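As a plain string of letters, each chain reads:
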Amino acid sequence: MGSEKLSLNDRVLKIAAKIQENSYIKAVSMGLASLMPIIIIGSLLTIVTTIAAKISAPGYQQFLTNSGIKPLLKYPNLVTLGLLSIYAAFAIAYNLAQSKEQDGYMAGLLSIMAYMVVQPFGTLKGEDILPVHLLGAEGIFTAIIVALIVPGIMKFFKDHNLYVKMPVGVPEMITRSFAALTTGGAVLLLFFAVKIIFAQTSVATLPALITLLIQTPLKSLGSSWIALVVIMFIVNFLWFFGVHGHLVALSVMMPVYLQMDVENLNAYQAGAALPNIIGYSYIYVYASGACVLFGLVFWLLKARSERYRTLGKLAVVPMLFGIGEPLAFGVPYVLNFTLFIPVVFTASINVILAYVATAINLLPRFNGVNISGMPVVLNGLLVGGWRVVVFQVLLCLLNIAIWAPFVKRLDKTEYAQEVANAKAAETTEGQGA
């Protein structure tokens, strides 16, 4: 039986490690993660400016209009979330190029260039135009694909010495710029050729094809509560084996969930109905952090075992901010089969309950604000208001009940071991005396 478990562990860890260490998946995950400051600032400012635009105090709206401020309130959203795909093209290409020992800065710049080349520019009254909405969350998958191709082209040119070499003593930035000349030309010609080819088809553009074949199906999958339940099961199953489940299982779907949040945020800003129940914020608020680990910490604090009580005190604050590593490797719940059921299934239970409550309008749909890193209750308040906060509290109470029998069993075993160790120590001291 032990050898079977070991074999299963090895297989799971081997597969998960391959996924986790894949340079392309890591580049997408790290690239999107690096955009969090822009996403958080943009979403919070959008809420502030939207509320500011809706205040109906006497003379306030007239002041906004007469001062020229009102039409400017849209720009914090426009230059952050509205240009998210451009930032993603740079960040993902940068991370992938770095992993391949290429010039990350040049890779990012060339990726932006390639991304812009394939966009469907038009003409209005003799002026070239580009719909700005294509540069936001709607274009995120085009940005990802372009950003994953460009560093490969750079590597090919470098490996085959197809670049301009400058003499020793030339400033580094000049050297890097000239080295990127041939690569930049190849990138531009390649994606320009792609643009020409697609212009002759009914699809018209590369972004349109990506939306048709990739983005739309993935979004349909992302809006499914059944799919999310399965994804959260996989995430926490991997965590049980010590693998970063969110990095492995959510990497592919993260762009979809971020896009769904941005759609809700844009609808909120426009005063329209919020289109999506699920999104990245939904996962963070209901299926991670305190809402899945509160019960574990609660029972650790009440444990008879001194080790568990101490660990519980140390883990309280990180847990409230959504950080579970002290518990994963401190209890540990990694490879701890006594805790297998609550570790693997709690998040999926929360997802189901929250989805049903939202679908029947007991809970509001989220406004799309990105609340990564914010503590429980505050994150719920920002994305949905007091009803979400109340539901988070109820999930924490349910969490206490779910974890109770498993942590108590664990504590009983640990406490018995501590008592046995104490008695053994006393016996040793008595014999020494």
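Residues numbered from 1 in each chain as written. Predicted model: local features only at pLDDT ≥ 70, side-chain atom pairs only at ≥ 80, totals over all residues. Heavy atoms only, no water.

1. Brief notes about the overall build of the chain
So, step 1. Counting its regular elements, the chain contains 20 helices and 2 strands.
So, step 2. For the chain, the spread of C-alpha atoms along the three principal axes comes to 95 × 70 × 45 Å.
So, step 3. Within the chain, the fraction of its 433 residues that count as buried is 45%.
So, step 4. For the chain, contacts bridging at least 24 residues in sequence account for 73% of all contacts bridging at least 6. (Helix = DSSP H or I, 4+ residues; strand = E, 2+ residues; numbered from the N terminus. Buried < 20%, exposed > 50% of the residue type's maximum accessible area, 1.4 Å probe, protein only. Contact = heavy atoms within 4.5 Å.)

2. As for the packing of aromatic side chains
So, step 1. Within the structure shown, the criterion is met by 16 aromatic pairs.
So, step 2. Taken together, a centroid distance of 6.1 Å and an interplanar angle of 20° make the contact between Phe90 and Tyr94 stacked. Taken together, the positions of Phe90 and Tyr94, both in helix H6 (residues 84–99) and 4 residues apart, correspond to about one turn of that helix.
So, step 3. Residue classification places Phe90 among the partly exposed residues on the basis of a relative accessible area of 26%. (Phe/Tyr/Trp six-rings, centres within 6.5 Å; stacked < 30°, edge-to-face > 60°.)

3. So, the pattern of salt bridges
So, step 1. Inspection of every chain in the model, using the stated rule, returns 4 salt bridges.
So, step 2. Its salt-bridge partner being Asp103, residue Arg176 comes within 2.7 Å of it at the nearest N-O pair. A residue pair is termed long-range when its members are at least 10 positions apart, and Arg176 in helix H9 (residues 172–199) and Asp103 in the loop between H6 and helix H7 (104–117) qualify at 73 residues.
So, step 3. You can call Arg176 partly exposed: its relative accessible area is 22%.
So, step 4. Between Arg176 and Glu172 there is a salt bridge, with its nearest N and O atoms 4.0 Å apart. Here Arg176 and its partner Glu172 are both found in helix H9, 4 residues apart, which amounts to about one turn of the helix.
So, step 5. What emerges from the salt-bridge pattern is a single network uniting Asp103, Glu172 and Arg176. (Salt bridge = Lys/Arg side-chain N within 4 Å of Asp/Glu carboxyl O.)

4. A short note on the layout of surface pockets
So, step 1. Quantified by volume, the second largest pocket comes out at close to 360 Å³.
So, step 2. Lining the second largest pocket are 16 residues, and of these Asn77, Gly82, Val132, His133 and Asn266 lie nearest its centre.
So, step 3. If you tally residues by element for the lining of the second largest pocket, the top one is helix H13 (residues 254–270), at 5 residues.
So, step 4. Tallied by class, residues from the lining of the second largest pocket come to 6 nonpolar, 7 polar and 3 charged. (1 Å grid on protein atoms, 1.4 Å probe; cavity = no way out; pocket = protein on both sides within 12 Å on 5 of 7 lines; lining within 4 Å. Points joined across faces, edges and corners; volume = space filled by probe spheres on them. Nonpolar A, V, L, I, M, F, W, Y, C, P; charged D, E, K, R; others polar.)

5. Points about the nonpolar core
So, step 1. Core analysis: the largest hydrophobic core is formed by 117 residues, its most contacted members being Tyr257, Tyr282, Tyr286, Leu296, Leu327, Val331 and Leu339.
So, step 2. Excluding its chain neighbours within four sequence positions, the residues that come into contact with Leu327 are Leu293, Leu296, Val297, Leu300, Ala315, Pro332 and Tyr333. (Core = buried A, V, L, I, M, F, W, Y, C linked by side-chain atoms within 4.5 Å.)

6. Re the packing of helix H8 (residues 140–159) against helix H10 (residues 206–222)
Helix-helix packing is characterised by the crossing angle of the two axes and by the distance between the axes.
So, step 1. Running from amino to carboxyl end, H8 crosses H10 at an angle of 110°, the nearest separation of the two axes being 9 Å. Considered as vectors, H8 and H10 are oriented roughly perpendicular to each other. Across the interface between the two elements, Phe141, Thr142 and Ile145 from H8 touch Pro207, Ile210, Ile214, Gln215 and Leu218 from H10.
So, step 2. Looking at the contact of H8 with H10, its residues break down into 6 nonpolar, 2 polar and no charged. (Axes fitted to C-alpha atoms, helices over the stretch in contact; angles between N-to-C directions. Parallel < 35°, antiparallel > 145°, perpendicular 65-115°, else oblique.)

7. Remarks on H8
So, step 1. Over its 20 residues, H8 extends 30 Å from the first C-alpha to the last, a length consistent with the 28 Å expected when each residue adds 1.5 Å.
So, step 2. If you check which residues of H8 are buried, you get Ile140, Phe141, Thr142, Ala143, Ile144, Val146, Ala147, Val150, Pro151, Ile153, Met154 and Phe157.
So, step 3. Against the buried residues of H8 lie helix H2 (23–33), H6, H7, H9, H10 and H13.
So, step 4. Where H8 terminates, the next one or two residues include Asn161, which has phi positive at roughly 55°. (Expected span 1.5 Å × (residues − 1).)

8. Here we look at unusual backbone geometry
So, step 1. Following Val331, the chain continues to Pro332 via a peptide bond in cis, the omega torsion being -15°.
So, step 2. Position of Pro332 among the secondary structure elements: in the loop between helix H17 (325–330) and helix H18 (340–359).
So, step 3. Backbone geometry at Glu101 places phi at a positive 60°, although glycine is not the residue there.
So, step 4. Tracing the sequence through the fold places Glu101 in the loop between H6 and H7.
So, step 5. The exposure class of Glu101 is exposed, given its relative accessible area of 67%.
So, step 6. At Lys125, a residue that is not glycine, the phi angle is positive and equals roughly 55°.

9. Digging into the confidence of the model for the chain
So, step 1. Averaged over every residue, the pLDDT of the chain is 84; residues scoring 70 or more account for 92%.
So, step 2. For the chain, the element scoring lowest by mean pLDDT is helix H1 (residues 2–21), at 59; H7 scores highest, at 95.
So, step 3. Across residues 1–6, where pLDDT falls below 50, the model places 0 contacts with residues more than four positions away in sequence or in other chains. (pLDDT = per-residue confidence, 0-100.)

10. Some points on a nonpolar patch on the surface
So, step 1. Among the surface-exposed residues, Trp225, Ile226, Val230, Ile234, Ile352, Val356, Ile360 and Leu362 lie close enough to one another that they form a single nonpolar patch of about 700 Å² accessible area.
So, step 2. Those elements that provide at least two residues to the nonpolar patch are helix H11 (225–240) and H18.
So, step 3. Tallying contributions element by element places H11 first for the nonpolar patch, with 4 residues.
So, step 4. Secondary-structure assignment places Val356 in helix H18. (Patch = residues over 30% accessible without salt bridge, like charges linked within 9 Å, V, L, I, M, F, W, Y side chains within 5 Å. Areas by Shrake-Rupley, 256 points an atom, 1.4 Å probe, with all protein chains shown as cover.)

11. Focus on the state of the cysteines
So, step 1. A full pass over the atoms with the stated rule returns 0 disulfides.
So, step 2. Its sulfur unpaired, Cys291 is 4.6 Å from the next cysteine sulfur, which belongs to Cys396.
So, step 3. On the accessibility criterion, Cys291 (1% relative accessible area) is buried. (Disulfide = S-S within 2.5 Å.)

12. Quick look at the packing of H7 against H9
So, step 1. Running from N to C, H7 and H9 point in directions that differ by 25°, and their axes come no closer than 9 Å. Between H7 and H9, the angle is such that the two are roughly parallel. Of the two elements, H7 crosses H9, and the hand of that crossing is right-handed. Along the contact surface, H7 presents Tyr105, Met106, Leu110, Met113, Ala114 and Val117, while H9 presents Met173, Arg176, Ser177, Ala180, Thr183, Gly184, Val187, Leu188, Phe191, Phe192 and Lys195.
So, step 2. Across the contact of H7 with H9, the residue classes break down as 12 nonpolar, 3 polar and 2 charged. (Left-handed = near helix turned anticlockwise from the far one by under 90°.)

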